[in-house]
Amino acid sequence: VKPKPFTDDEVRAWKERLRKQPGGREGASTTQVQCLSMVKFRDSSNREWYVDYDSFMHYVAEGLIPADAISEVLPNTALKILGGWSSVSLPSSQMPNRSTPPSLAEKALLLTLSKEEREGIIGDLAEEYSDIRSRHGKEFADLWYWRQVIASTAPVMFMLIRRWLVALLEEWFRRHV
Amino acid sequence: LSGPKNYLGQFEEIVLLATLQLGEHAYGAKIRQKVEEATKRSISIGAVYATLDRLERKGFISSRQGEATPERGGRAKRYFKVEGAGETALKETQAARSKLAAGLNLGWELMGGVS
């Protein structure tokens, strides 16, 4: 969905809502609510994203996307509250939504994979998870992710359990034989 | 026998061929999908990486760090490239298989064209 610029009335309404919601500051001056631009860019998989300018610059600074990936600037399409409490408020359909895999499964991978393996394997699984989820839904994608994690970590788990059993047996023999 | 270490296991051979097919776009997820498509079996990413690591240790492939994207949670891709030794190993393995199958009436043709 291509974001549309906020009209003056919409900006006023948003400012009121933002001031009144929990954490907002009642009576904050209008200068503390700013209209920002959103930018359109394509990632390496040629997927199109709309993000507010600040988030885009954050992605660039983190080295996630090149600065020249930007293809369009859409003025006045985002609102941001400045000051001690700040947030970008956009209609949810316009927010880039990175679907995150089941956190417990991801933790299992972090525990069992070596540092060198983590980057590639977890990144690859996250990319495929995101794709499968958009095509088949969350439940199917979660199940697929768990199957991948179990199949990928089973040899390591088996080795750890074997080592633990051997250590246990050695200890038993030392004490009783 | 010369250079028995050059022979590849069946899964190693499949992974190596998938990496060759993908060319410069060969990274874990794509290789896994390619192997799954070809074998019609569910393949785990861990099995693919274990094989790729083994092939890299043998000097058949090399890897480099690629770009990170938002949908990868900011994690970088690891691209793989088949080296000359890998291509030689593929040829030797397939030649050995052709030699063994020669004269057998299997009713189907082995992958040919390997010199």
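Residues numbered from 1 in each chain as written. Chains lettered and ligands numbered in written order. Predicted model: local features only at pLDDT ≥ 70, side-chain atom pairs only at ≥ 80, totals over all residues. Heavy atoms only, no water.

### What about the environment of Ala47(B)?
All names here are of chain B. If you trace the backbone, Ala 47 turns up in helix α3 (residues 45–57). Here Ala 47 falls in the partly exposed class, since its relative accessible area comes to 30%. Ala 47 sits 36 residues away from Phe 11 along the chain, and the two C-alpha atoms are 9.4 Å apart. (Helix = DSSP H or I, 4+ residues; strand = E, 2+ residues; numbered from the N terminus. Buried < 20%, exposed > 50% of the residue type's maximum accessible area, 1.4 Å probe, protein only.)

### Concerning the packing of helix α1 (residues 10–22) of chain B against helix α4 (residues 84–101) of chain B
Residue and element names in this part refer to chain B. For the pair α1 and α4, the least separation of the axes is 11 Å and the interaxial angle reads 130°. With respect to α4, the axis of α1 lies oblique. Of the two possible hands of crossing, α1 and α4 adopt the one that is left-handed. Here Glu 13, Leu 16, Leu 17 and Leu 20 of α1 lie close against α4, whose contacting residues are Gly 86, Glu 87, Leu 90, Thr 93, Gln 94 and Arg 97. (Axes fitted to C-alpha atoms, helices over the stretch in contact; angles between N-to-C directions. Parallel < 35°, antiparallel > 145°, perpendicular 65-115°, else oblique. Left-handed = near helix turned anticlockwise from the far one by under 90°. Contact = heavy atoms within 4.5 Å.)

### Here's the deal with the confidence of the model for chain B
Mean pLDDT over chain B stands at 84; residues scoring 70 or higher make up 82%. The ipTM for the predicted assembly is 0.82, set against a pTM of 0.60. (pLDDT = per-residue confidence, 0-100.)

### Quick notes on the interface of chain A and chain B
Taken together, the contact pairs 24 residues of chain A with 24 residues of chain B. Summing the contributions of chain A and of chain B, the shared interface buries around 2,200 Å²; its carbon and sulfur component is 50%. Summed over the three residues of chain A that lose the most area to chain B, namely Glu119(A), Asp124(A) and Glu127(A), the buried surface amounts to 25% of that side. Counting the contacts that link chain A with chain B gives 1 salt bridge. Among the salt bridges present, the one from Glu128(A) reaches Arg32(B), with a minimum N-O distance of 2.7 Å. Summed over the shared surface of chain A and chain B, the result is 10 residue pairs in polar contact (both at pLDDT 80 or more). Mapped onto the side of chain A that touches chain B, the elements with two or more residues apiece are α4 (115–136) and α5 (138–176) of chain A. It is α4(A) that contributes the most residues to the side of chain A that touches chain B, 12 residues altogether. (Buried area = accessible area lost by both parts, 1.4 Å probe. Salt bridge = Lys/Arg side-chain N within 4 Å of Asp/Glu carboxyl O. Polar contact = N/O pair within 3.5 Å; in protein donor to acceptor, adjacent residues only side chain to side chain.)

### A few points about the nonpolar core
In terms of nonpolar packing, the biggest core is built from 33 residues, with Tyr145(A) and Ile31(B) touching the most fellow members. Those residues in contact with Tyr145(A), other than ones at most four positions away along the chain, are Pro101(A), Pro102(A), Ala105(A), Glu106(A), Leu109(A), Leu125(A), Ala126(A) and Tyr129(A). Formed by 9 residues, the second largest nonpolar core is a distinct cluster that contains Val39(A), Trp49(A), Val51(A) and Phe56(A). (Core = buried A, V, L, I, M, F, W, Y, C linked by side-chain atoms within 4.5 Å.)

### Notes on the pattern of salt bridges
Residues and elements named next belong to chain A. For the coordinates displayed, the defined rule picks out 13 salt bridges over all chains. Residues Asp 142 and Lys 138 are paired through a salt bridge, measuring 2.7 Å at the closest nitrogen-oxygen approach. Here Asp 142 pairs with Lys 138, and both are found in helix α5, just 4 residues apart, close to one helical turn. In this structure Asp 142 comes out as buried when scored by relative accessible area, which is 16%. What makes Lys 138 partly exposed here is its relative accessible area of 46%. The shortest N-O distance in the salt bridge between Arg 175 and Glu 171 comes to 3.1 Å. Here Arg 175 and its partner Glu 171 are both found in helix α5, 4 residues apart, which amounts to about one turn of the helix. Overlapping salt bridges, with partners in common, bring together Lys 40, Arg 42, Glu 48 and Glu 72 in one network.

### Observations concerning the environment of Lys34(B)
Residue and element names in this part refer to chain B. Along the polypeptide, Lys 34 turns up in helix α2 (residues 28–39). Using a relative accessible area of 30% as the deciding quantity, one classes Lys 34 as partly exposed. Sequence-wise, Lys 34 and Leu 17 are 17 residues apart; in three dimensions their C-alpha atoms are separated by 9.6 Å. When near neighbours in sequence (up to four residues on either side) are disregarded, Lys 34 contacts Ala 18, Gln 21 and Leu 22.

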